[in-house]
Amino acid sequence: MGFAYNALTINGVSTATLDFDCLVETNSPITMGKKKDILHEGEMVNGVLLQSIEAYEPVEKPYVFYLSNVTKDQARKFKALFDPTGWFTPYDDPNIKHYYYSFTMESEPLDDVDGYRVTVTFLCDPFEYEPEKVVTLGTSIVNHTNAPMFPKLEVLGSVATQQTLTIGAQTMIFKNGIPTRVWVENKLGAQNVTNNSGKNINSQVKGPFFVIPPKKTVAVSKTAGITSVKMTTRWGWR
């Protein structure tokens, strides 16, 4: 059976629940997402010029597993835990998810038993995430983390005239109003605005998508035709 100590939950399955010996040697060390800022050296400038880029590099997180007294079928069960992309939660940080884009797996046989020492290195999102929650927005949002947050918004209303939603310094204009509800996906790489039927309505919207900056409190305001705004939080830590 798997061992509970240092167990890793991978795509919803804990290594502690496996029906063969699987030990996680150590959890990955602390990592921190690095901004993709560009440094320019100029002959007439002391130091460097900083070009700030609002994007972050991925991080690598290695884990070492020991599979002892395992058959080939059991080794295949272990490999089946790892989808091409997915998430994992460490034993010592049970309320956090790490999302990975890809992984590498290297193994070598153990000397004294039938088994393997397996090193899995995940290429991860630069942030580690708290559980998502749906909250109704008030007059402000507090980002308690050190990473930007890209929420999903459900904007409710019953009006066919132009409406606006402002969060911090960003204002989105809904040119045709909010007939029932509008979904605003602000996640980088997936930014999109859809109506209640799932139809893309980006052409009916003006303004930037929303990002809640780290360690900031930002004000929220809306026009009267927007009855409420629900936010799916994605609080992450660098």
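Computed from a prediction, not measured in an experiment: that's the story for all the values here. (Residues numbered from 1 in each chain as written. Predicted model: local features only at pLDDT ≥ 70, side-chain atom pairs only at ≥ 80, totals over all residues. Heavy atoms only, no water.)

Q: Where do I start with the packing of aromatic side chains in this structure?
A: Describing an aromatic ring pair means giving the distance of the ring centres and the angle of the ring planes. Inspection of every chain in the model, using the stated rule, returns 16 aromatic pairs. For the pair Tyr-5 and Tyr-91, a centre-to-centre distance of 5.4 Å together with 65 degrees between the ring planes defines the contact as edge-to-face. Here Tyr-5 is found in the segment before strand E1 (8-10), whereas its partner Tyr-91 is found in the loop between strand E7 (86-90) and strand E8 (98-109), with 86 residues between them in sequence. For Tyr-5, a relative accessible area of 56% corresponds to the exposed category. On the accessibility criterion, Tyr-91 (41% relative accessible area) is partly exposed. Consider the rings of Tyr-100 and Phe-122, whose centres lie 4.9 Å apart with planes at 50 degrees: the pair is tilted. Taken together, the residues span a long stretch of sequence, with Tyr-100 in strand E8 and Phe-122 in strand E9 (residues 115-124) at a distance of 22 residues. Among the residues examined, Phe-122 registers a relative accessible area of 0% and is labelled buried. Here the aromatic residues Tyr-63, Phe-65, Phe-78, Phe-82, Phe-88, Tyr-100, Phe-103 and Phe-122 are joined through ring pairs into a cluster of three or more. (Phe/Tyr/Trp six-rings, centres within 6.5 Å; stacked < 30°, edge-to-face > 60°. Helix = DSSP H or I, 4+ residues; strand = E, 2+ residues; numbered from the N terminus. Buried < 20%, exposed > 50% of the residue type's maximum accessible area, 1.4 Å probe, protein only.)

Q: Would you mind showing me how to read the sheet that holds strand E11 (residues 134-136) here?
A: Each strand in a sheet pairs with another by means of backbone hydrogen bonds, the pair being arranged parallel or else antiparallel. With antiparallel pairing, five strands are arranged side by side in an open sheet as E11-E20-E13-E16-E17. Single-partner strands in this sheet number two, and they are E11 and strand E17 (192-195). Averaged over all pairs of adjacent strands, the angle between their axes in this sheet comes to 20 degrees, without regard to strand direction. Of the pairings in the sheet, the one linking strand E16 (residues 181-185) to E17 comprises four bridges and is antiparallel in character. Residue pairing in the sheet places Val-182 in a bridge with Asn-195 of E17. (Pairing = 2+ DSSP bridges. Axes fitted to C-alpha atoms, helices over the stretch in contact; angles between N-to-C directions.)

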